[in-house]
Structures are given as structure tokens and as C-alpha cells.
Amino acid sequence: MFALRSTTAASVRSASKLAPALAALARFKSTSSSATSLKQRVEQLIPEKNAEVKEVKQKYGDRVLGETTVNMAYGGMRGIKGMIWDTSLLDADEGIRFRGLSIPEVQQQLPKPKGATETTPEALFWLLLTGEIPTAAQAQSITDELNSRASLPQFVIDLIDRCPSTLHPMSQLSLAVNALQHDSQFAKAYHAGINRKDYWDPVFEDSLDLLAKLPLVASRIYRNVFKDGKHGSVDASVDYSQNFANLLGFAENAEFADLMRLYLVIHSDHEGGNVSAHTTHLVGSALSDPYLSFAAGLNGLAGPLHGLANQEVLRWIIKMQEEIGTDTPTEDQIREYCWATLNSGRVVPGYGHAVLRKTDPRYMAQREFAQKNLPEDNLFKTVSALYKIVPGVLTEHGKTKNPWPNVDAHSGVLLRHYGLVEQDFYTVLFGVSRAFGVLSQLIWDRALGFSIERPKSLTTESIRAMFEKK
Ligand code: CMX
């Protein structure tokens, strides 16, 4: 990987520039097995990754990644290759891979807690940060670490409790995450004059603190807005998803905890260009701390074309059942309802994607969970009927580039089956999961010294001037 075979003067110069990084890599290789904590392991990997990035930039820094057309500039920068996101990569046909692993591979290869059928976001977090499959003990060490950090400052509790129940749960989540910034270790370290080489360390600490606190924040919002306003506490003997299930009020149902594990794993990361990931990365590039960066990402996730689509899907299906007057609509009735939605100038929520061109494997993972655990659920049957009908309708409609379902088309029916029926809360669950992905990359952004983002914008007039010059 680091072979420097050329004997030109330039390559000798670059080889000598790489020497310290290569020496650090050699040190890393000899010490990797002694890593006991995730933080230690990340610290060991940083010199290697920095050496790799340096090498790639030296070798290929002048190469062109792709062209940008005028349509791309007007069309939401779709497909422009302009950022680095190492934790996951999205293929239009195959879907997401986390550090090279597909969702079924993640489900198969990552450790599971005793008695669980799904792997955990803690194990995934290790994979996202290191590119390595954790042992059961390593995954457990993240669980323990997060459990030990799970508490909220009183003023944040008061702040959430004072929100009117009419304030959308996503706004409450964003507000609380911004308030947690009060205790940002990165912000304090920056103020105290930390060396830029060490930025990643307090960003790592903030990220773990934030991940640990999110179930407490999210469940507090849920129980205030939709339940009795009574709150539980974190049980140090169980994993993150079981704790989250308990805090939400679903302690009794073991299947629900497994659903949470699946949910939190599959919604975590979807490469870097989507609105929530890109926003977190962009705001972080100004050295805003993880709380401020992630809160910004959450505000993007709260848009109906992005994460909020999961609440829209269930709302749309329930409205369809109400309007048709049955919870077992026929295929013809469903088709007619889809056309009515399209003809009234609205989108069919849960279908289409900016990158994907086939069924989202996150949809398939949830479908398999439903086939196993709730095959007779009427709403699941309707979701399955939609899967049969909507792609054909959207293809006939002729606008969308991808008529297939995305992740949001399936999550609501699973949550509803277990009694989590409050659609306005669904995007909060997406937000808790998304933190695992975007914070992993944010730690690497600072470890690799990524620059402040500043792409070039143009005016319509300047585009005319470019191409209409005599
Ligand atoms: N229903 C109706 N029309 C749709 C559509 C859908 N599900 N998906 C795309 N289209 C339309 C677009 O609105 C666009 O119309 P105009 O040309 O009139 O503007 C046209 O088809 C082309 O769009 P596209 O290139 O296929 O899709 P985009 O990359 O522009 O947008 C997305 C992607 C997801 C916003 C879009 O498919 C959509 O609105 N889907 C429904 C909302 C949804 O499910 N969002 C969740 C996505 C996953 C997530 O982020 O959580």
C-alpha cells in the first residue's frame, strides 16, 4: 500500500516527506493488538490513516474526480464528487456498505448481546470508527462507556420539560442537543488553546457523551409529549437499545428491543452527501463542536424530503385507510389513491431516492424483520401491497428516477405494531441513529485535519457570461 518504487527526484522527496508518517504506521502495526478501548484503537489508527491520505493526495491530488454541469449546479449538486466520507459508501444499485460491509454482512458478522437476534449500534460504532469488526468484549466496552455517561444536566431536563407539547419532537431534540453544548469538551479545549493535532480527542469525548445522552433526551420528549411525563433511568447491565426501549416505556417486549437494535444500526450512516450527514460535516468544518454540528444535521433531518418522510409515510397510509374506509384496501384502491396523491401535486412518501436506483436494502432488512415477527399485521400487508403497486405507478407517472422504496417506507409499520403509534416521534428515532454515523465521521474529520468547507457558488448571470461570451 505504501510502496514507493519510482526513483525520480520528486518521488525521493515525497518518500522522505512520508517517512515520519510511515514510521508512525510501523509503530501502529506493532501495537495494534494491545488496544483495549475504542479511543486507544482510534489513536493507533490515526497515523496510518494520515499517512494514507497524504499518499493519496501526493499521488492523485491533481486528478479530476468528475465534471460539474450547469444542471448539477441548479439541481441540488446531485452527484458532484466533492467530499470525503470514510465510514460508509452508497452504491446506486446495491445500497449502503458500512466500511465495506453490506447490511446483511453487518447483521451476520457483528456481535449480538446475549438473547438478541440483532447486532447493536455500539458494535457498529466500533466498525464505523476503526473499519474493524469488534469482538463481543469490545462491543460491550462501548455499551459500558455509554451507560456510564448517561445523565442529563438539570437545566436541560428543565428545558425539555418546559417545551409545549405542541412543539414538534424534532425541534425539541435539536433544542436539547444545542443546550447540551454547554458541556462541550471540544469548545472548552479550543478556548484553552488546544493544539490542532489533538482536536480529535475532545471531539471523541463529546461524541460519546452526546450518544450516551440521546436516549435520555429522546425518551424524555416522548414521555412528556405522548405519555404520562414519568421517566426511567439507564440500567448499566443492558445494552443501548434495550435501555432506549425501557426508557421509552417498552421494557416488556424483547422483540421491540431487537427492533430498536435493527433500527439504530440501519439508519446510522448513508455516506456523506445526504442533508443530515453533509450538514453535520459542513458545520463541523468551521470547528463548531459536535453538539452544534449534530444539532444542525438534525434540523436537516427534520425536512419532509429527508428524515421526516418516515412520519409522512405512516400518516399517508393511515389517511388512505380512513378515506377508503378499510384497513385492508384492495390493490385497485391503493393504485387509485397513489394516483390521487400524484395528481394533487404531492409526492408518494417513502419512495424515490437521490442516489439509489433499486430497492433500499434498509427497506429489505425491515421487511425481513416484519416477515419474521409480524407477518399477519394488516398494516404490514398494506405496506407489502404498496411495494407491489407504487413502483409501477411511479414508473407510469414518468418523473422519478427511482420508483423503488427507501428506508422510510417501512419503519413506521414496525413501530406501530409494537405500540409506538405516535408518528411525530419517528424522526427522533432516526436522529438518535444518525448520530452514530455522523459523529464517527466527525471524529475522523478532526483527526485528519479536514479543511473548512467553502465550495464556489455562481450567479445565473455569471453562468450566462461564461457560455455566451463572444
Ligand atoms: N413521488 C412523486 N414524485 C417523485 C417522487 C415520489 N416519491 N420521487 C421523486 N419524484 C419526482 C421529483 O419530485 C422530481 O419532480 P420534478 O422534476 O417535478 O421536480 C422528479 O420526480 C425527479 O426527481 P428524482 O431525481 O427522481 O429525485 P430527487 O433526487 O430530486 O429527490 C427524493 C429524491 C427522495 C427527495 C424524492 O424521491 C422524494 O421526494 N421522495 C419522497 C420523499 C421521501 O421518501 N424522502 C425520503 C428519502 C430518504 C431519506 O432521506 O430519509
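Preceding this paragraph is the structure being described.
Quick caveat: nothing in here was measured; it's all calculated off a predicted structure.

Rules of the game
- Every chain's residues receive numbers from 1 upward, in the order its sequence appears when written.
- In view of the model being predicted, local features appear only for residues whose pLDDT reaches at least 70, and side-chain atom pairs are presented and counted only at 80 or more, with totals across whole chains, interfaces and linings using the full set of residues.
- Side-chain numbers come from the whole structure's heavy atoms, not from hydrogens or water.
- Two kinds of site are reported from a 1 Å grid over the protein atoms alone, namely cavities, where a 1.4 Å probe fits but cannot get out, and pockets, open sets with protein on both sides within 12 Å along at least five of seven lines, and residues are called lining when an atom falls within 4 Å of a point.
- Grid points are joined across faces, edges and corners, and a volume is the space filled by probe spheres set on the points.
- Per the convention used, a helix needs a DSSP run of H or I reaching at least four residues, while a strand needs a run of E reaching at least two, with both numbered from the N terminus.
- Three categories are distinguished: nonpolar for Ala, Val, Leu, Ile, Met, Phe, Trp, Tyr, Cys and Pro, charged for Asp, Glu, Lys and Arg, and polar for the others, with Gly belonging to the last.
- What is meant by a nonpolar core is a set of buried Ala, Val, Leu, Ile, Met, Phe, Trp, Tyr and Cys residues, joined one to another through side-chain atoms within 4.5 Å.
- To sort residues, take the accessible area from a 1.4 Å probe on protein chains only and compare it with the maximum for the residue type: under 20% means buried, over 50% means exposed, and anything in between is partly exposed.
- In what follows, a contact means two residues having at least one pair of non-hydrogen atoms within 4.5 Å.
- A pair of strands is treated as paired once DSSP finds two or more bridges between them.
- In this description, one arc is meant: the one made by directions from the helix axis to the C-beta atoms.
- Near is defined per residue: the residue qualifies when any heavy atom it owns lies within 4 Å of the molecule or strand.
- Pairs of N or O atoms are called polar contacts if they sit within 3.5 Å, as long as, within protein, a hydrogen donor faces a hydrogen acceptor (for residues adjacent in sequence, only side-chain-to-side-chain pairs).
- Note that accessible areas follow from Shrake-Rupley with a 1.4 Å probe, and for residues the cover is restricted to the protein chains shown.

A. Quick peek at empty space enclosed by the protein. This model, assessed by the stated rule, comprises three cavities of 30 Å³ or more. Here the largest cavity is characterised by a volume of approximately 60 Å³. As for the largest cavity, its lining consists of L146, N147, A150, A212, P215, V234, Y240, N243 and F244. Looking at the lining of the largest cavity, the elements that each hand over two or more residues are α6 (136-148), α10 (200-226) and α11 (240-248). With three residues, the single largest contributor to the lining of the largest cavity is α11. Of the residues belonging to the lining of the largest cavity, the class tally is seven nonpolar, two polar and no charged.

B. Representation of the layout of surface pockets within the structure. Of the pockets and cavities examined, the second largest pocket occupies roughly 570 Å³. Lining the second largest pocket are 25 residues, and of these N50, K197, A447, L448 and G449 lie nearest its centre. Mapped by element, the contributors of at least two residues to the lining of the second largest pocket are α1 (9-31), α2 (38-60), α10 and α20 (426-447). At seven residues, the largest contribution of residues to the lining of the second largest pocket is made by α2. Considering only residue class, the lining of the second largest pocket consists of 13 nonpolar, four polar and eight charged.

C. The nonpolar core, seen in detail. Judged by nonpolar contacts, the single largest core of 119 residues is most densely connected at L248, F256 and L420. A per-element tally of this core places α10 first, with 14 residues. Residue contacts for L420: discarding those within four places in its chain leaves Y222, L248, F250, F256, L415, F425, Y426 and L429.

D. Fine view of helix α13 (residues 275-285). Here α13 has its buried residues at S276, A277, T279, T280, H281, G284 and S285. Check the buried side of α13 and you find it contacts α14 (290-301) and α20. Where α13 terminates, the next one or two residues include L287, which has phi positive at roughly 65°.

E. Layout of the pairing of strand β1 (residues 88-91). Of the two faces of β1, only the one carrying S88 and L90 is buried; L89 and D91 on the other face are not. Of the pairings in the sheet, the one linking β1 to strand β2 (residues 95-98) comprises four bridges and is antiparallel in character. Residue pairing in the sheet places L90 in a bridge with I96 of β2. Where β1 hands over to β2, the hairpin turn is made up of three residues, counted between the paired strands.

F. Spatial organisation of helix α7 (residues 154-162). Taken residue by residue, α7 has V156, I157 and I160 as its buried positions. Projection of α7 onto a plane perpendicular to its axis shows the buried side chains occupying an angular sector of 105°, all on one side. Among the exposed residues of α7, those pointing more than 90 degrees away from its buried face are Q154 and R162.

G. Representation of the site of the ligand. As a structural note, the neighbourhood of the ligand is formed by 21 residues, with H306, G350, K399, K401 and D408 the closest of them. A distance of 2.7 Å is found between an oxygen atom of the ligand and a side-chain nitrogen or oxygen belonging to K399. With the chains in place, 76% of the 880 Å² that the ligand exposes on its own is no longer accessible. Residues that form the shell around the ligand fall into these classes: 10 nonpolar, seven polar and four charged.

H. Geometry of the environment of P153. Note that P153 resides in the loop between α6 and α7. For P153, a relative accessible area of 19% gives the class buried. C-alpha of P153 to C-alpha of D183: the two residues are 30 residues apart in sequence and 9.0 Å apart in space. Once residues within four sequence positions are removed from consideration, P153 is found in contact with L180 and D183.

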